[in-house]
Amino acid sequence: DTGVSQDPRHKITKRGQNVTFRCDPISEHNRLYWYRQTLGQGPEFLTYFQNEAQLEKSRLLSDRFSAERPKGSFSTLEIQRTEQGDSAMYLCASSSGQPAGALHFGNGTRLTVT
Amino acid sequence: AQSVSQHNHHVILSEAASLELGCNYSYGGTVNLFWYVQYPGQHLQLLLKYFSGDPLVKGIKGFEAEFIKSKFSFNLRKPSVQWSDTAEYFCAVNAGSARQLTFGSGTQLTVLP
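Residues numbered from 1 in each chain as written. Chains lettered and ligands numbered in written order. Predicted model: local features only at pLDDT ≥ 70, side-chain atom pairs only at ≥ 80, totals over all residues. Heavy atoms only, no water.

(A) How the structure looks around the overall build of chain A. Within chain A, the secondary structure is distributed over zero helices and 11 strands. For 114 residues, the compact-globule estimate of 2.2 N^0.38 gives 13 Å, and chain A sits close to it at 13 Å. C-alpha extents for chain A along the principal axes are approximately 40 × 25 × 25 Å. Across the 114 residues of chain A, 46% fall into the buried class. Across chain A, every contact between residues at least 6 apart in sequence was considered, and the portion connecting residues at least 24 apart equals 53%. (Helix = DSSP H or I, 4+ residues; strand = E, 2+ residues; numbered from the N terminus. Rg over C-alpha atoms; globule rule 2.2 N^0.38 Å. Buried < 20%, exposed > 50% of the residue type's maximum accessible area, 1.4 Å probe, protein only. Contact = heavy atoms within 4.5 Å.)

(B) Layout of the environment of Y36 of chain B. Note that Y36 of chain B resides in strand β5 (residues 31-38). Given a relative accessible area of 0%, Y36 of chain B falls into the buried group. Expressed as a C-alpha distance, the spacing of Y36 of chain B and C91 of chain B, which sit 55 residues apart in the sequence, is 6.3 Å. Side-chain polar atoms of Y36 of chain B contact the backbone nitrogen of L103 of chain A, separated by 2.9 Å. (Polar contact = N/O pair within 3.5 Å; in protein donor to acceptor, adjacent residues only side chain to side chain.)

(C) Layout of the interface of chain B and chain A. Counting from both sides, the interface comprises 18 residues of chain B and, opposite them, 21 residues of chain A. On the chain B side of the interface with chain A, the three residues burying the most area are L44, R99 and Q100 of chain B, jointly 37% of the side's total. Put simply, chain B and chain A have zero salt bridges between them. Across the contact surface, chain B and chain A share three residue pairs in polar contact (both at pLDDT 80 or more). No other element matches β5 of chain B, which puts four residues into the side of chain B that touches chain A. (Buried area = accessible area lost by both parts, 1.4 Å probe. Salt bridge = Lys/Arg side-chain N within 4 Å of Asp/Glu carboxyl O.)

(D) Structural view of the nonpolar core. Residues L33, W35, L48, F74, L76 and Y89 of chain B are the most contacted members of the largest nonpolar core, which totals 29 residues. Where this core is concerned, the elements lending two or more residues are β2 (10-14), β3 (19-21), β5, β6 (45-50), β8 (64-68), β9 (73-78), β10 (87-95) and β12 (107-112) of chain B. When residues in this core are grouped by element, the largest group, five residues, is from β10 of chain B. Counting residues in each nonpolar core, the second largest holds 19 residues, with F65, I79, A88 and C92 of chain A among its members. (Core = buried A, V, L, I, M, F, W, Y, C linked by side-chain atoms within 4.5 Å.)

(E) Region of interest: the side chain of S94 of chain A. Residue and element names in this part refer to chain A. Take S94: it is sitting in strand β9 (residues 88-95). In this structure the side chain of S94 is engaged in a polar contact, spanning 2.8 Å, whose partner is the side chain of H29. Excluding anything up to four places from it in sequence, S94 contacts V4, P25, I26, H29, R31, L32, A102, L103 and H104.

(F) Focus on the sheet that holds strand β1 (residues 5-7) of chain A. All names here are of chain A. Strand order in this open sheet of four strands is β1-β3-β8-β7, and the pairing throughout is antiparallel. Each having just a single partner strand, β1 and β7 (65-68) make up the two edges of the open sheet. Taking the axes of each pair of neighbouring strands and ignoring which way they run, one obtains an average angle of 15° across the sheet. Sheet analysis places strand β3 (residues 19-24) next to strand β8 (residues 75-79), joined by five bridges and oriented antiparallel. Looking at the pairing, C23 lines up with S75 of β8. (Pairing = 2+ DSSP bridges. Axes fitted to C-alpha atoms, helices over the stretch in contact; angles between N-to-C directions.)

(G) Layout of the side chain of N75 of chain B. Residues and elements named next belong to chain B. Inspection of the secondary structure assignment puts N75 in strand β9. At 3.1 Å, the side chain of N75 and the side chain of E20 are in polar contact. Only 2.9 Å separates the side chain of N75 from the backbone nitrogen of C23, close enough to count as a polar contact. Every residue in contact with N75, bar those within four places of it in the chain, is listed here: E20, L21, G22, C23, W35, E64, A65 and E66.

(H) Spotlight on unusual backbone geometry. That bond from D7 of chain A to P8 of chain A is cis: its omega, -5°, falls within 30 degrees of zero. A positive phi is found at R81 of chain A, a non-glycine position, where the angle reads about 50°. In this fold, R81 of chain A is placed in the loop between β8 and β9. A positive phi angle is found at F72 of chain B, which is not glycine, with a value near 50°. Residue placement: F72 of chain B occurs in the loop between β8 and β9.

This is the structure we're talking about:
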């Protein structure tokens, strides 16, 4: 079990720029989740994949956000035209078995929009 | 929609003190309940989970939690905390047919040596 890997660990960008984050889940996990966490809050659900299919998206996920998992393995989360309010920690998690069983989280990507 | 409340934002204890962190959820049907822990500089890790059966669930590192359905609660307990338990603790719920977990806002536990 090599764990969930996220890249980059930190990203600083200027408002209006596009950013893309990558998540490599645990290899045998077919379920992949993206969450967002801001200071003093718990993780908030963004979107969920089962294999390559994106099965659920939160209303938090505006049309500037898009996520893909093209081959059912790694996933990318892109934010277009970033805003200062997008500054947060973006967490990826994977699991197998039950739909929301034990999630294995990565270390996250911290985004700062200046 | 499901929601989770953690009423204690920051708890400070001395080593060997007993711990109880509160967690309440709002959902009337079947729930799966979780406690996650985030040690400083590390990723979120599962501490324990409840799906069904015995409402008293034991997790890693001496932690336990009790599901009380009538109170919509899933409080986390440890009889004697250690300095190494300093971390942020998150309660989470998966309710009904939801595919995702809903997390509480977390409780920062500081254990003084």
